[in-house]
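# What the coordinates show
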Amino acid sequence: KDWGHFNLVATNFAQKGFVFIKFNFSHNGTTADKPTEFADLEAFGKNNYSLEQDDLESVIDELERGILLPEEECDLDNIYLVGHSRGGAMVIIKACEDKRIKKVASWAGVSYIGTRMTPDQQKAWEKEGVVYIPNARTGQQMPMYWQIMEDYEANKERFNVEKAAKKLKIPLLLVHGTNDETIHIEEAEKLHKVAKNSKLHKIEGANHTFGGKHPFIDEELPYHARNAVKETVNFFKE
């Protein structure tokens, strides 16, 4: 939640009149003491999609109970979700399942959350029980335990992002950069094609993080990130 320009993203939404809550998933590898560092690699390795859905539900539940914020500060009849990258898939799945969600936005989101490895790589992963992914920024070897695939296989229908998007009865916004080097814009186009009430907003020249990076020292959002915020604010206010 404190990566790069996300604090500025939250501030921009707040300035437009929204109560904006950003949070870390319980197993994303950061800690309360070190929110911008991967200080708990064991937790990172044991993360899975079911845990992330449970975490998101807990946040919504505690908001509804007035634990996170006083009830009078929030319009609980209009709860919206926005997620970036894999988070885009997570919010689409949650919005499909939870009637409390009234609109959902996916930024540079994936249309598929299963493994993108080759069959041989996947076999080696299953045999070893863990695979290590190098973090280019920190130099750390990030573990991913095979349990994440076991969780995915056990809940394959639930975690079918395209199927969730197709079942959505609420408005869906898909924001994607044409120069996304991580998740090709075709994934947003796939979701737009199957979702009945969706809008696809392409940002010409934008990369996967809409110009954001870590650390981010500027006092204003990058141009492409401002575009993403503006489009999402308009979508939520419509």
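Quantities reported herein were computed from a predicted structural model and do not represent experimental measurements.

When helices and strands are counted, the protein chain shows nine helices and six strands. In terms of overall dimensions, the protein chain is globule-like: its C-alpha atoms have a radius of gyration of 18 Å, near the 18 Å expected for 238 residues. Expressed along its principal axes, the backbone C-alpha trace of the protein chain runs to roughly 50 × 40 × 40 Å. Here the protein chain holds 238 residues, and the buried ones make up 44% of them.

A few words on the packing of helix 3 (residues 49–64) against helix 4 (residues 86–97). At a minimum axis separation of 10 Å, helix 3 and helix 4 run at an interaxial angle of 65°. Helix-helix and strand crossings are classified by hand; for helix 3 and helix 4 the assignment is right-handed. Counting all contacts with helix 3, which are made through Tyr-49, Glu-52, Gln-53, Leu-56, Glu-57 and Ile-60, the residues of helix 4 involved are Arg-86, Met-90, Val-91, Ile-93, Lys-94 and Glu-97.

Look at helix 4: 17 Å from first C-alpha to last across 12 residues, which is about the 16 Å you get at 1.5 Å a residue. For helix 4, the tally of buried residues reaches nine of 12 residues, placing the bulk of the element in the interior. Turning to helix 4, its buried residues are Gly-87, Gly-88, Ala-89, Met-90, Val-91, Ile-92, Ile-93, Lys-94 and Ala-95. Buried residues along helix 4 sit in contact with helix 3, strand 1 (79–84), strand 2 (101–107), helix 7 (161–167), strand 5 (172–177) and helix 8 (186–194).

On to the side chain of Ser-50, then. The topology assignment puts Ser-50 in helix 3. Classification of Ser-50 as buried rests on a relative accessible area of 15%.

Taken together, the side chains of Val-19, Ile-21 and Leu-68 present a nonpolar region at the surface, about 220 Å² in accessible area. Of note, Leu-68 is situated in the loop between helix 3 and strand 1. Taking the relative accessible area as the measure of exposure, Leu-68 reaches 38% and is therefore partly exposed.

This brings us to the packing of aromatic side chains. Across all of its chains, the model carries 13 aromatic pairs by this definition. Ring plane angle 75° and centroid distance 5.7 Å describe the contact between Phe-38 and Phe-44, whose orientation is recorded as edge-to-face. On the accessibility criterion, Phe-38 (22% relative accessible area) is partly exposed. Judged by relative accessible area, Phe-44 falls into the partly exposed class, the value being 22%. Geometry around Phe-235 places Lys-103 over its ring, the cationic atom sitting 5.3 Å from the centre.

Turning to the packing of helix 1 (residues 6–15) against helix 9 (residues 223–237), a few remarks are in order. Between helix 1 and helix 9, whose axes approach to 11 Å, the crossing angle comes to 40°. Classified by the angle between their axes, helix 1 and helix 9 sit oblique to one another. In the packing of helix 1 onto helix 9, the handedness of the crossing is right-handed. On helix 9, the residues that touch Val-9, Asn-12 and Phe-13 of helix 1 are Val-229, Thr-232, Val-233 and Phe-236. For the contact of helix 1 with helix 9, a count of residues per class yields five nonpolar, two polar and no charged.

In the sheet, strand 5 pairs with strand 6 (residues 198–203) via six bridges, with the strands oriented parallel. Among the inter-strand pairings, Leu-174 is bridged to a residue of strand 6, identified as Leu-200. Since strand 5 and strand 6 lie parallel, the crossover through helix 8 that links them has a hand, and here it is right-handed.

What follows covers the pattern of salt bridges. Two side chains of opposite charge can pair, provided their charged atoms sit close to one another. Applying the stated criterion across every chain, the model contains 14 salt bridges. Notably, a salt bridge pairs Lys-163 with Glu-157, separated by 2.4 Å at the nearest N-O pair. You can call Lys-163 partly exposed: its relative accessible area is 37%. Given a relative accessible area of 54%, Glu-157 falls into the exposed group. Of the charged contacts, one joins Lys-202 and Glu-189 as a salt bridge, the two residues approaching to 2.9 Å between their closest N and O atoms. Pair noted here: Lys-202 is in strand 6 and Glu-189 is in helix 8, with a separation of 13 residues, a long-range link. Among the charged side chains, a salt-bridge network with shared partners connects Asp-61, Glu-64, Asp-98 and Arg-100.

What counts as what
- Residues numbered from 1 in each chain as written.
- Predicted model: local features only at pLDDT ≥ 70, side-chain atom pairs only at ≥ 80, totals over all residues.
- Heavy atoms only, no water.
- Helix = DSSP H or I, 4+ residues; strand = E, 2+ residues; numbered from the N terminus.
- Rg over C-alpha atoms; globule rule 2.2 N^0.38 Å.
- Buried < 20%, exposed > 50% of the residue type's maximum accessible area, 1.4 Å probe, protein only.
- Axes fitted to C-alpha atoms, helices over the stretch in contact; angles between N-to-C directions.
- Left-handed = near helix turned anticlockwise from the far one by under 90°.
- Contact = heavy atoms within 4.5 Å.
- Expected span 1.5 Å × (residues − 1).
- Patch = residues over 30% accessible without salt bridge, like charges linked within 9 Å, V, L, I, M, F, W, Y side chains within 5 Å.
- Areas by Shrake-Rupley, 256 points an atom, 1.4 Å probe, with all protein chains shown as cover.
- Salt bridge = Lys/Arg side-chain N within 4 Å of Asp/Glu carboxyl O.
- Phe/Tyr/Trp six-rings, centres within 6.5 Å; stacked < 30°, edge-to-face > 60°.
- Lys NZ or Arg CZ within 6 Å of the ring centre and 35° of its normal.
- Parallel < 35°, antiparallel > 145°, perpendicular 65-115°, else oblique.
- Nonpolar A, V, L, I, M, F, W, Y, C, P; charged D, E, K, R; others polar.
- Pairing = 2+ DSSP bridges.
- Right-handed = clockwise from strand over helix to strand, strands pointing away.

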